[in-house]
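The residues making up each chain are set out below.
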Amino acid sequence: MGRRGMWFTVSAAAVLALAGCSGGGGGNVDRTDPVAVSQAFVDAVAAQDSGAACAQMADEDGPIADGDAQACEDQVDGFISEFTEEELEIFGDVEVADAAVNEGGSTAYVQDESYSADTPEDARMPLILNLVDDEWWVDIDVLN
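Everything quoted here is computed from the prediction, not taken from an experiment.

Undergrad: What is the right way to read the overall build of the protein chain from this model?
TA: Scanning the protein chain for helices and strands turns up five helices and six strands. Starting at the N terminus and walking to the C terminus, you meet the elements of the protein chain as α-α-α-β-β-α-α-β-β-β-β. Counting across all 144 residues of the protein chain, residues that qualify as buried make up 47%. Taken as a whole, the protein chain presents about 6800 Å² of accessible surface, with 44% of it coming from carbon and sulfur.

Undergrad: Would you take a moment to explain the packing of aromatic side chains for this structure?
TA: To describe a pair of aromatic rings, one takes the distance between the centres and the angle between the planes. This model, assessed by the stated rule, comprises two aromatic pairs. The interplanar angle of 80° and the centroid separation of 5.5 Å between the aromatic rings of F79 and F83 together place this pair among those described as edge-to-face. Between F83 and F91, the ring centres sit 5.5 Å apart and the planes meet at 85°, which makes this aromatic pair edge-to-face. Residue class for F83 comes out buried when judged on its relative accessible area of 7%. Note on F91: relative accessible area 0%, which makes it buried. Here the aromatic cluster, defined as three or more aromatic residues joined through ring pairs, consists of F79, F83 and F91. In this arrangement the basic side chain of R31 is found over the ring face of W137, its NZ or CZ atom lying 3.8 Å from the centre.

Undergrad: Before we go on, may I ask you to explain the sheet that holds strand 1 (residues 57–59) in this structure?
TA: The pairing of strands in a sheet comes from backbone hydrogen bonds and takes either a parallel or an antiparallel form. In space, the six strands of this open sheet follow the order 2-1-6-5-4-3, with mixed pairing throughout. This sheet does not close on itself; its edge strands, each paired only once, are strand 2 (62–63) and strand 3 (100–101). Helix 2 (residues 34–46) rests against strand 1, strand 4 (107–110), strand 5 (127–132) and strand 6 (135–139) of the sheet, and its axis sits at about 125° to strand 5.

Definitions and cut-offs
- Residues numbered from 1 in each chain as written.
- Predicted model: local features only at pLDDT ≥ 70, side-chain atom pairs only at ≥ 80, totals over all residues.
- Heavy atoms only, no water.
- Helix = DSSP H or I, 4+ residues; strand = E, 2+ residues; numbered from the N terminus.
- Buried < 20%, exposed > 50% of the residue type's maximum accessible area, 1.4 Å probe, protein only.
- Areas by Shrake-Rupley, 256 points an atom, 1.4 Å probe, with all protein chains shown as cover.
- Phe/Tyr/Trp six-rings, centres within 6.5 Å; stacked < 30°, edge-to-face > 60°.
- Lys NZ or Arg CZ within 6 Å of the ring centre and 35° of its normal.
- Pairing = 2+ DSSP bridges.
- Contact = heavy atoms within 4.5 Å.
- Axes fitted to C-alpha atoms, helices over the stretch in contact; angles between N-to-C directions.

Here's what the structure looks like:
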């Protein structure tokens, strides 16, 4: 099963961070809310906006640095290109309803049951978010 199939058949992990990624939109995301960050990531993928997606992402060192923004966007563009237009349209109907925060409070998980009942089953992707300096970010490893 390819990356696209895995994305649609199992939940995906991640939300990309805006602060630090200079190329995209999505600057009004409430970083204290892992659900809002997750929704911003999913919306950016649906809109095929790699800059906005990268604006929701971070690695273990924190948000994507301005100097790494283009590399992130190129990687997201490659990720998005694996989806058909029909599949991308499905993402327009995705609604993240919840995120489970681990006991330590540093990681949040968006899983199948974290989506609204109206979200198509094949568009429920697992996301992993990390808390960095009191802000939630989608783990950049979601693209791997």
